[in-house]
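Read off the chains here:
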There are 2 protein chains.
Amino acid sequence: MTEILQSETAPAGLSADALHASLGDVSMESMNLLNQIADTHPRAVSFAAGRPYEGFYDVDRLPEYLRAFCDHLRTERGMDEAEVARTLFQYGATKGIITSLVARSLAVDEGIEAGPGSVVVTVGCQEAMFLVLRALRADDREALLAPSPTYVGLTGAALLADLPVLPVRTRENGIDPDDLVERLRRARAGGLRVRACYVTPDFANPSGASMDLAARHRLLDIAAAEDLLLLEDNAYGLLGGTAGRLPTLKALDRRQRVVYLGSFAKTCMPGARVGYVVADQRITGGSGGGTLLADELSKIKSMLTVNTSPIAQALIGGKLLSHGCSLAEANRRETEVYRRNLRQVLDGLARRLGNVPGVEWNAPAGGFFVVLTVPFTVDDGLLEYAARRHGVLFTPMHHFYGASAGFRQLRLSVSMLTPDRIDEGLDRLAALVTERLAEHGAAGGPVPGGGS
Amino acid sequence: MTEILQSETAPAGLSADALHASLGDVSMESMNLLNQIADTHPRAVSFAAGRPYEGFYDVDRLPEYLRAFCDHLRTERGMDEAEVARTLFQYGATKGIITSLVARSLAVDEGIEAGPGSVVVTVGCQEAMFLVLRALRADDREALLAPSPTYVGLTGAALLADLPVLPVRTRENGIDPDDLVERLRRARAGGLRVRACYVTPDFANPSGASMDLAARHRLLDIAAAEDLLLLEDNAYGLLGGTAGRLPTLKALDRRQRVVYLGSFAKTCMPGARVGYVVADQRITGGSGGGTLLADELSKIKSMLTVNTSPIAQALIGGKLLSHGCSLAEANRRETEVYRRNLRQVLDGLARRLGNVPGVEWNAPAGGFFVVLTVPFTVDDGLLEYAARRHGVLFTPMHHFYGASAGFRQLRLSVSMLTPDRIDEGLDRLAALVTERLAEHGAAGGPVPGGGS
């Protein structure tokens with residue numbers, strides 16, 4: 001060896017433009033940038049983070065959940081102490097150790113009949129999305145349909161799977177079915193293979209929009225007619241209360257068209273990082289012979305995260321068992337908070353900005369999000385200014401459009417705040433809006449001290 | 001809508017050959033197939049699973065670890081109860097909440113000086129591998145070097161990242177440096193971009209081989225000269241005892257050539273699913289400007305699993321804190337078990353098969369694995385036969401060669417068994433070997449009732 005290099009410089013191969021393409025995409029930066037602004041202004045009232053209410057979190061609950069799940073292993077599954085310890089501490093089944101509890105809660109809360117074998121427990125819903133997109137991405141011709149605006153996590157998972165996302169128009173009633181068919185046919189005519197459409201029928205992030213029953217049936221019919229899978233994300237459905245709840249796509253699905261993406265982040269706790277996917281579609285051909293899509297997802301998972309932490313699953317399982325496997329039941333108090341907050345934000349907006357020309361917002365019946373439209377530019381510069389000068393945070397909607405649209409909209413998340421903070425935050429937000437309109441008129445203009 | 005399809009058949013898009021290519025690869029089936037055979041023969045003595053010893057697992061430890069970590073948050077990080085609860089229950093920093101504890105334990109146990117900012121806590125070492133491979137895969141020209149035989153999880157992660165693996169010869173002393181340089185140059189001459197080589201310097205899975213100090217220095221020099229990153233997997237290094245321990249590549253690395261892949265599965269518990277990566281390489285160019293590779297990995301992680309369960313991290317953090325941040329200290333009893341088991345297996349093989357022509361094995365100084373070479377075919381058919389007729393399980397080595405070699409070798413894992421079971425298992429294994437040699441002679445032959 002004579003060619004020893006003593007240089008202290010970085011390996012030449014690590015220039016930013018020689019890394020995976022996802023790392024250069026604006027969507028991958030969104031979360032970091034938004035978190036940075038939030039971290040710099042910790043005292044600002046935050047309508048930004050789409051996080052669950054944390055007023056009822058209690059560390060003492062964790063050992064109780066573990067105990068409840070261990071009791072279940074002893075009594076319902078007949079395990080001795082060594083088997084209980086092994087179940088929690090060791091590697092476990094790739095699909096998870098709470099698949100039957102998940103299936104039970106889907107039956108109780110959603111009327112979904114899912115065989116435990118069609119469930120894969122994942123590291124949050126985010127991993128579930130990646131597993132499905134990775135499985136469905138056979139080659140460079142593949143593309144995915146998704147509503148625009150859409151959840152940043154879907155965009156990110158698609159980038160990691162090298163899967164282009166084709167945007168579909170969103171209306172007040174959720175994804176636009178005519179535009180969906182139009183986009184699909186145009187993409188297929190252009191040589192693309194499109195096998196799935198991501199959709200959030202209940203209280204979508206970021207739009208807050210929900211689909212009515214007719215729209216759900218229409219979407220299922222389109223999926224069958226066009227040989228399309230629907231990737232249904234239902235992170236918020238249970239949190240609007242039971243009055244007027246509509247069945248999920250999966251509950252209506254009789255033709256195996258729906259892959260159901262589930263999350264326990266909002267209904268149990270984000271800190272367990274447990275979600276799941278229900279994928280009961282049969283795979284044809286291949287060596288497996290009659291395996292389910294869930295089995296294929298499980299194979300991918302085994303090489304991505306091996307299995308979801310059994311201890312984290314035990315916490316979720318314990319919480320489910322403590323509430324008769326009903327998340328609606330487990331979230332009675334939280335649901336009240338979300339409904340109260342949503343009412344307060346909608347009423348507060350009406351009181352403060354009800355008569356301001358060009359300022360409007362939607363009125364979701366539940367979920368975490370309200371979208372406010374204003375007659376001036378909403379970008380990261382405005383957010384930074386709002387945080388610094390007015391002490392209020394929100395999410396500029398362009399982050400959900402891949403920076404291609406949404407520059408007059410902002411997303412307000414209502415989930416984490418107390419009534420006092422909501423009033424304070426709305427006062428600050430109204431002051432910002434009033435100031436912007438007064439200084440620059442209804443046509444908008446550059447942000448003072450802005451940038452971005 | 002007139003085109004409604006009432007068929008109950010599977011979506012046409014879900015034929016096995018239209019899924020991601022990884023799902024058709026033999027390596028992705030290995031674990032499933034081996035688990036299936038193991039599940040069918042629960043009473044067999046298993047030298048198959050490379051799992052940690054579970055005799056000391058105790059469910060009551062979990063609340064204690066949580067308590068220790070919460071105390072740390074209160075006293076060392078000055079948090080109040082609401083902040084402690086938020087840290088465990090909510091979403092958290094993408095890089096993790098125990099990066100400084102991980103850094104401290106690396107300093108204590110390995111003499112590695114890692115800044116907490118260069119650490120990303122992952123969902124097991126498996127996610128760490130995928131993050132690195134995904135980041136380094138810029139386009140179709142990319143390839144990765146790895147020893148042959150190699151850990152199935154590496155092969156799987158590379159398949160998911162669409163990254164071809166170029167095999168490098170392994171010798172008794174670990175990866176063959178001359179073959180590495182030869183393969184690298186040939187690949188580059190062929191138009192491939194090769195920026196990394198995966199390597200396990202201590203008690204490799206499956207070979208059990210370890211590199212001596214000179215080989216480690218030589219590998220680091222090659223990495224610098226050839227502008228190569230070394231992806232160092234150190235899942236087993238601490239479990240051989242302190243006598244004769246050699247520094248890891250990362251501890252010797254002065255030129256930022258080593259990305260260190262760490263696991264808490266063997267040293268704490270697999271059930272937490274917590275690992276990490278140390279990636280202190282500077283990224284040049286791009287918008288970030290002077291970010292570390294760890295920051296890029298964190299961006300990918302945010303779209304793959306969001307963050308590693310803070311509760312799972314708290315368990316690991318609590319265990320670290322309970323042992324002065326020394327995993328060597330925390331694993332005193334376990335290390336004794338592994339050393340005792342390894343001695344017993346090596347002595348027991350010598351007693352039973354020491355004089356059998358064509359039968360030999362290596363003698364690792366630590367770790368979980370011994371490789372046995374025999375003069376007859378070792379395939380999944382033989383494994384099934386061994387389980388059924390002799391009640392003993394092992395891992396055919398061809399699984400670590402992508403079914404391209406290794407058909408006369410089997411891997412014995414010594415980690416999980418008690419002394420009684422080891423003796424019983426070795427008796428059964430010796431009976432199988434003797435029977436195979438007697439029935440078919442040293443040249444081997446088809447397995448009775450076999451198939452594979």
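Being a predicted model, the structure only gives us computed values, none of them experimental. All residue numbers here refer to positions counted from 1 along the written sequence of the relevant chain. Here every chain gets a letter starting at A, and every ligand a number starting at 1, in the order they are written. Confidence filtering applies because this is a predicted model: local features only for residues at pLDDT of at least 70, side-chain atom pairs given and counted only at 80 or more, and all residues used for totals across whole chains, interfaces and linings. As a rule here, side-chain values come from all non-hydrogen atoms in the structure, and water together with hydrogens is ignored.

Further remarks concern the relation of the copies chain A and chain B. Mapping chain A onto chain B leaves a residual RMSD of 0.0 Å; the transformation is a rotation of 180 degrees accompanied by 0.0 Å of translation along its axis. Interpreted geometrically, this transformation is the action of a two-fold axis. Distance from the rotation axis, computed per C-alpha, reaches its smallest value in chain A at Pro63(A): 2.9 Å. Contact between two residues is taken to exist if any of their heavy atoms lie within 4.5 Å; hydrogens are not considered. Most of the interface of chain A is mirrored in chain B: 100% of its interface residues are interface residues there too. Copy-to-copy superposition: least squares on the C-alpha atoms, limited to residues that have pLDDT of at least 70 in both copies.

This part is about the pairing of strand 9 (residues 275-278) of chain A. All names here are of chain A. Each residue is assigned to one of three classes by its accessible area relative to the maximum for its type, calculated with a 1.4 Å probe on protein chains only: buried under 20%, partly exposed between the two thresholds, exposed over 50%. By the criteria applied, helices consist of DSSP H or I runs no shorter than four residues and strands consist of E runs no shorter than two, each listed in order from the N terminus. A two-sided burial pattern is seen for strand 9, the buried positions comprising Gly275 and Val277 on one face and Tyr276 and Val278 on the other. The criterion for strand pairing is that DSSP finds at least two bridges linking the strands in question. In this sheet, strand 9 lies alongside strand 2 (residues 119-122) in antiparallel orientation, the contact comprising four bridges. Counted as the bridge partner of valine 121 is tyrosine 276 from strand 9. Examined bridge by bridge, strand 8 (residues 258-263) and strand 9 share four bridges and lie antiparallel to one another. What sits directly across from leucine 261, in strand 9, is valine 277.

A word on helix 7 (residues 177-189) of chain A. Residues and elements named next belong to chain A. Helix span is expected to be 1.5 Å times the residue number reduced by one. With 13 residues, helix 7 extends 18 Å between its outermost C-alpha atoms, agreeing within 8% with the 18 Å of an ideal straight helix rising 1.5 Å per residue. Within helix 7 the residues assigned to the buried category are Pro177, Asp179, Leu180, Val181, Leu184 and Ala187. Contacts from the buried residues of helix 7 go to strand 3 (142-148), strand 4 (165-171), strand 5 (174-175), strand 6 (193-199) and helix 8 (213-225). The N-terminus of helix 7 is capped by aspartate 176, whose side-chain oxygen sits 3.0 Å from the backbone nitrogen of aspartate 178. Looking at the residues trailing helix 7, positive phi occurs at glycine 191, about 95 degrees. By the criterion applied in these results, polar contacts are pairs of N or O atoms within 3.5 Å in which, for protein atoms, one can donate a hydrogen and the other can accept it, and in which residues neighboring in sequence qualify only through two side-chain atoms.

For this analysis, a ring pair means two rings from Phe, Tyr or Trp (six-membered ring only for Trp) whose centres lie within 6.5 Å, classed as stacked if their planes differ by under 30 degrees, edge-to-face if by over 60, and tilted for the remaining angles. Tallied over the entire structure, the rule returns 17 aromatic pairs over all chains. With a centroid separation of 5.0 Å and an interplanar angle of 65 degrees, the aromatic rings of Tyr236(A) and Phe368(A) are classed as edge-to-face. A residue pair is termed long-range when its members are at least 10 positions apart, and Tyr236(A) in the loop between strand 7 (229-233) and helix 9 (249-252) and Phe368(A) in the loop between strand 10 (360-361) and strand 11 (369-373) qualify at 132 residues. Plain terms: the ring middles of Tyr260(B) and Tyr276(B) are 6.3 Å apart, the flat faces sit at 35 degrees to each other, and that makes the pair tilted. In this pair, Tyr260(B) is assigned in strand 8 (residues 258-263) and Tyr276(B) in strand 9 (residues 275-278), connecting sequence segments 16 residues apart. Residues Tyr260(B) and Tyr276(B) agree in their burial class; the two are buried.

Now for the packing of helix 5 (residues 124-136) of chain A against helix 6 (residues 152-160) of chain A. All names here are of chain A. The interhelical angle for the contact between helix 5 and helix 6, taken along N-to-C directions, is 40 degrees, at an axis separation of 9 Å. When the axes of helix 5 and helix 6 are compared, the pair comes out oblique. Every pair of crossing elements has a handedness; the one defined by helix 5 and helix 6 is right-handed. On helix 6, the residues touching Gln126, Met129, Phe130 and Leu133 of helix 5 are Gly153, Leu154, Ala157, Ala158 and Leu160. The convention used is that axes are lines fitted to C-alpha atoms, helices contributing only their stretch in contact, and that angles between N-to-C directions extend from 0 to 180 degrees. Roughly parallel means an angle under 35 degrees; roughly antiparallel, over 145; roughly perpendicular, 65 to 115; everything else is oblique. Handedness of a helix crossing follows the sense of rotation of the near helix relative to the far helix, less than a right angle counterclockwise being left-handed and clockwise being right-handed.

A few words on the environment of Arg195(A). With respect to the helices and strands, the residue Arg195(A) is situated in strand 6. A distance of 2.5 Å separates a polar atom in the side chain of Arg195(A) from the backbone oxygen of Leu136(A).

Next up on the list: the side chain of Arg273(B). Along the polypeptide, Arg273(B) turns up in the loop between strand 8 and strand 9. For the purpose of charge, His is not counted, nor are the chain termini; Lys and Arg are scored as positive and Asp and Glu as negative. Salt bridges are counted wherever a side-chain nitrogen of Lys or Arg sits within 4 Å of a carboxyl oxygen of Asp or Glu. Buried and unpaired, Arg273(B) has Glu127(B) as its nearest opposite-charge partner, separated by 8.5 Å.

In many reports, interface size means the accessible area that the parts give up when they come together. All names here are of chain A. Assigned domains within chain A: domain 1 (20-50 + 332-440) and domain 2 (61-327). Where a domain begins and ends is set by an automatic assignment or by a domain database. Centre-to-centre, using C-alpha coordinates, domain 1 lies 28 Å away from domain 2. Counting from both sides, the interface comprises 24 residues of domain 1 and, opposite them, 21 residues of domain 2. Along the contact surface separating domain 1 from domain 2 lie five residue pairs in polar contact (both at pLDDT 80 or more). At the level of secondary structure, the elements contributing two or more residues to the side of domain 1 that touches domain 2 comprise helix 1 (26-40), helix 13 (332-353) and strand 11. The biggest single contributor to the side of domain 1 that touches domain 2 is helix 1, with four residues. Polar here means any residue other than Ala, Val, Leu, Ile, Met, Phe, Trp, Tyr, Cys and Pro, which are nonpolar, and Asp, Glu, Lys and Arg, which are charged; Gly is therefore polar. Residues of the side of domain 1 that touches domain 2, tallied by class, amount to eleven nonpolar, ten polar and three charged.

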